[in-house]
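Reading the structure
One-letter residues, chain by chain:
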Amino acid sequence: MSAGVTLKDKIKSERVRASVKVESAIEENMKEKQLRWYGHVKRRDPDHIIQQAMNFDLNPTRRRGRPQSSWQRQLEKQQRDHGITDEEIENRAQYRRRLRGIHTNPGEPAAAVPN
């Protein structure tokens with residue numbers, strides 16, 4: 001195994017990932033992939049079936065308690081956390097550059113990438 005740890009050492013996987021700092025890289029990579037897909041979906045034609053499904057409200061009546069977190073709400077929160085605007089989503093090249101900067105400085109614009 002990595003980091004000089006073997007199965008015989010009986011160290012939990014969480015501790016090994018924390019010491020190697022792999023967990024955060026995997027999580028950030030997943031967030032980037034989700035935001036890329038979200039941008040792809042948002043750029044589709046408003047009449048496309050994906051757009052209709054994104055805007056469809058399955059449960060118009062509210063139940064008691066905290067509302068369930070949906071995929072779209074999570075992505076919109078990530079978008080706000082990283083300071084990504086709807087205009088950036090529409091500009092595909094700018095959006096890709098911005099997403100590549102998520103790993104380095106969340107909330108700040110990515111460094112200029114040559115075209």
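What counts and what doesn't
Residues numbered from 1 in each chain as written. Predicted model: local features only at pLDDT ≥ 70, side-chain atom pairs only at ≥ 80, totals over all residues. Heavy atoms only, no water. Buried < 20%, exposed > 50% of the residue type's maximum accessible area, 1.4 Å probe, protein only. Helix = DSSP H or I, 4+ residues; strand = E, 2+ residues; numbered from the N terminus. Arc of directions from axis to C-beta. Patch = residues over 30% accessible without salt bridge, like charges linked within 9 Å, V, L, I, M, F, W, Y side chains within 5 Å. Areas by Shrake-Rupley, 256 points an atom, 1.4 Å probe, with all protein chains shown as cover. Salt bridge = Lys/Arg side-chain N within 4 Å of Asp/Glu carboxyl O. Lys, Arg positive; Asp, Glu negative; His and termini not counted. Charge placed at Lys NZ, Arg CZ, Asp CG, Glu CD. Phe/Tyr/Trp six-rings, centres within 6.5 Å; stacked < 30°, edge-to-face > 60°. Core = buried A, V, L, I, M, F, W, Y, C linked by side-chain atoms within 4.5 Å. Contact = heavy atoms within 4.5 Å. pLDDT = per-residue confidence, 0-100.

So, helix α6 (residues 92-100)
Since there are 3.6 residues in each turn of an α-helix, residues three or four apart along the chain are aligned in direction. Buried within α6 are the following residues: Tyr95, Arg98 and Leu99. Buried residues of α6, seen end-on, are gathered within an arc of 95° and therefore sit on one face of the element.

Focus: a positive patch on the surface
A cluster of basic side chains, namely Lys33, Arg36, Arg92 and Arg100, defines a positive patch on the protein surface. For the positive patch, the elements supplying multiple residues, two or more each, are α2 (23-42) and α6. Its relative accessible area of 47% is what places Lys33 among the partly exposed residues.

Some points on the packing of aromatic side chains
How two aromatic rings sit relative to each other is set out by the distance from centre to centre and by the angle between their planes. All chains considered together, the criterion is met by 1 aromatic pair. Centroid distance Tyr38 to Trp71: 6.2 Å. Interplanar angle 80°. Geometry classified as edge-to-face. Linking Tyr38 in helix α2 with Trp71 in helix α4 (residues 71-81), this pair joins segments that are 33 residues apart in sequence.

Overview of the nonpolar core
Membership of the largest hydrophobic core is limited to 10 residues, which are Leu35, Tyr38, Val41, Met54, Leu75, Ile84, Ile89, Tyr95, Leu99 and Ile102. Elements represented by at least two residues in this core include exactly α2 and α6. Ranked by the residues each element gives to this core, the list is headed by α2, at 3 residues. Once you skip the residues sitting within four places of it in the chain, Leu99 turns out to touch Glu32, Leu35, Arg36 and Ile84.

Thoughts on the confidence of the model for the protein chain
Scored by pLDDT, the protein chain comes out at a mean of 76, with 82% of its residues at no less than 70. Contacts from residues 105-115, a stretch scored under 50 in pLDDT, to residues over four places away or in other chains number 12 contacts.

Some details on the environment of Tyr38
For Tyr38, a relative accessible area of 1% puts it in the buried group. Measuring from C-alpha to C-alpha, the distance between Tyr38 and Trp71 comes to 9.7 Å, with 33 residues separating the pair along the chain.

A short note on the side chain of Gln51
Checked against the element boundaries, Gln51 lands in helix α3 (residues 49-55). Leave out the neighbours within four places in its chain, and Gln51 touches Val41, Lys42, Arg43, Arg44, Asp45 and Pro46.

A word on α4
Buried within α4 we find Leu75, Gln78 and Gln79. Buried residues of α4, viewed axially, fall in a sector of 100°; they line one side. Trailing α4 by a residue or two, Gly83 shows a phi angle of about 70°, which is positive.

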